[in-house]
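Structural characterization, general
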Amino acid sequence: MRVYLDYNATAPIRAEVLDAMLPYLGERWGNPASRHWFGQGALRAVDAARAEVAALIGARPQEIVFTSGGTEAGNLALLGYMLACDGARRRLVTTVIEHPAILEAANALENFGVPVQRLGADSDGRVNPREAIQALGDDVALISVMLANNDVGTMQPLEAIARAARSRGVGVHTDAVQAVGRVPVDVEALGVDLLSLSAHKLGGPQGVGALYVRSGTRIKPRSHGGAQESGLRAGTLNVAGIVGFGRACALAKSELTDAAFRMAALRDRLERGIRERVAGALRNGPASERLPNTTNLSFEGINGESLLMMLDALGVATSNGSACTAGSANPSHVLLAMGLGHARAASALRFSLGIGTREEEIDFAVDAVVEAVGSLREARP
Ligand code: PLP
């Protein structure tokens, strides 16, 4: 048996999504920017997908800008917004627990001379809303706080932060890549101006995503050379990818409540199973107010990388960080920001479930963890 528990890295493409995409990789190959019949057919498909993506997050279709994924959406949000700012508001506020897409975009802005303030997190991986609100001075242009953390699943107190930001004239971006399709996300309820999302975390294809841009928000493009996406993202659209993204969003919208409930029950079964049978297994992150599909556990005295490899050999796929940083020997920056010691952070593994996860897979994974931790502890000098 092979059990996939790394849905936060990517989710398998859903059969319905693939079915919806295939015609656009075959006989329906038009360019949506063309005025003829071939192009207009493709444009209609893109427009339908745009409406489906918008509907999942309570936005209007014209507020959706398709991108190549969450990374590009986050970069467009931060760089595009800050580039459009003039006058006294020049500072960016963000957090130390963001995905590298945002961390590195903020670093790039800093290298261009933009002052950047980075908020810390508490031992649950949660940003303190009071601290965030205090940071919103007259010189702040934008605050970017993720909606749900990819490593530990912690939901951030975004609504309170966004409310304060908007009342002070500060723009708000959230990286909602891990949240969309797993918990209800509504741009009006959140009160954000910009929100990034990605198709491949919710059963859509890799290499496509979107940035929600609230009507009236001033933002400059990062790529030039075409009028696509209202001039905000030049380049021929990935029609098949966008069609798949739309389908994945429509499915997520209709299944969200049931799927979240089921995933949380399986996630709890996994967590309980491991903690009951493995001494020194500790959860990193909160018990509640987190994504229904994610748990992060440390294993006392174990090297997380060795455990990951042994579990893979036993047929269970997990992660010890985001896919973009996995492979590096450093423990997750999120766990370190939560105040975990180096040893505990380096002994951590992330288990992330998806719509396809079954109970027997969870039981198989628990047995594999028990076996792998046992072997690694026996082999210890
Ligand atoms: N933001 C978060 C929180 C993520 O978890 C990821 C992917 O792991 C991204 C952004 C990047 O998205 P994409 O892979 O579509 O570029």
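Residue numbers here run from 1 along each chain, matching the order of that chain's written sequence. Note on the predicted model: pLDDT of at least 70 is required for a residue's local features to be given, and 80 or more for side-chain atom pairs to be given and counted; whole-chain, interface and lining totals, by contrast, use all residues. Note: side-chain values were computed over all heavy atoms of the structure, leaving out hydrogens and water.

1. Quick notes on the sheet that holds strand β8 (residues 209-213)
Following DSSP output, two strands are said to pair if at least two bridges run between them. Where helices and strands are cited, they refer to DSSP runs of H or I of at least four residues and of E of at least two residues respectively, numbered from the N terminus. The seven strands are arranged β2-β8-β7-β6-β5-β3-β4 in an open sheet whose pairing can be described as mixed. Both edges of this open sheet fall to β2 (64-67) and β4 (116-119), since each of them pairs with a single strand only. Sheet twist, expressed as the mean angle between neighbouring strand axes with direction ignored, is 20°. Across four bridges, the pairing between β2 and β8 is antiparallel. From the neighbouring strand, Ile64 faces β8, where its bridge partner is Tyr212. Any two residues whose heavy atoms approach within 4.5 Å at even a single point are treated as in contact. Interaxial angle, 0 to 180 degrees, is taken between N-to-C directions of lines fitted to C-alpha atoms, where a helix line uses only the stretch in contact. Against the sheet, helix α2 (residues 37-56) touches β2 and β7 (194-198), its axis set at about 110° to β2.

2. So, helix α6 (residues 158-167)
Along α6, the residues classified as buried are Leu158, Ile161, Ala162, Ala164 and Ala165. Taken end-on, α6 shows its buried residues confined to a sector of 165°, consistent with a single buried face. Away from its buried face, by an angle of more than 90 degrees, α6 presents the exposed residues Arg163 and Ser167. Against the buried residues of α6 lie α5 (129-134), β5 (140-144), β6 (171-175) and α7 (187-190). Following α6 by one or two positions, Gly169 adopts a phi angle in the positive range, close to 75°. The buried label applies to any residue whose accessible area, calculated with a 1.4 Å probe on protein chains only, is under 20% of its type's maximum; exposed applies above 50%, and partly exposed to all values in between. Think of it as the arc spanned by the lines of direction from the helix axis to the C-beta atoms.

3. Concerning the domain arrangement of the chain
Partitioning the chain into domains gives domain 1 (3-10 + 255-379) and domain 2 (15-251). Using only C-alpha atoms to locate each centre, domain 1 and domain 2 end up separated by 27 Å. Listed per partner, the contact involves 29 residues of domain 1 and 30 residues of domain 2. Between domain 1 and domain 2 lies a buried interface of about 2,400 Å² when both sides are counted; carbon and sulfur atoms form 56% of it. Buried area: the accessible area, evaluated with a 1.4 Å probe, that two parts lose upon being put together, summed over both parts. Its largest share of buried area at the contact with domain 2, domain 1 owes to Leu256, Leu291 and Met338, together 24% of the area lost on that side. Put simply, a salt bridge is a Lys or Arg side-chain nitrogen that is within 4 Å of an Asp or Glu carboxyl oxygen. One can count one salt bridge joining domain 1 with domain 2. For Arg350, the salt bridge goes to Asp151, with nearest N and O atoms at 3.6 Å. Those elements that provide at least two residues to the side of domain 1 that touches domain 2 are α8 (239-277), β10 (294-299) and α10 (333-337). In terms of residue count, α10 provides more of the side of domain 1 that touches domain 2 than any other element does, four residues in total. A per-class count over the side of domain 1 that touches domain 2 returns 12 nonpolar, 13 polar and four charged. Note that the domain bounds were set by an automatic or database domain assignment. Residue type decides the class: Asp, Glu, Lys and Arg count as charged, Ala, Val, Leu, Ile, Met, Phe, Trp, Tyr, Cys and Pro as nonpolar, and the leftover types, Gly among them, as polar.

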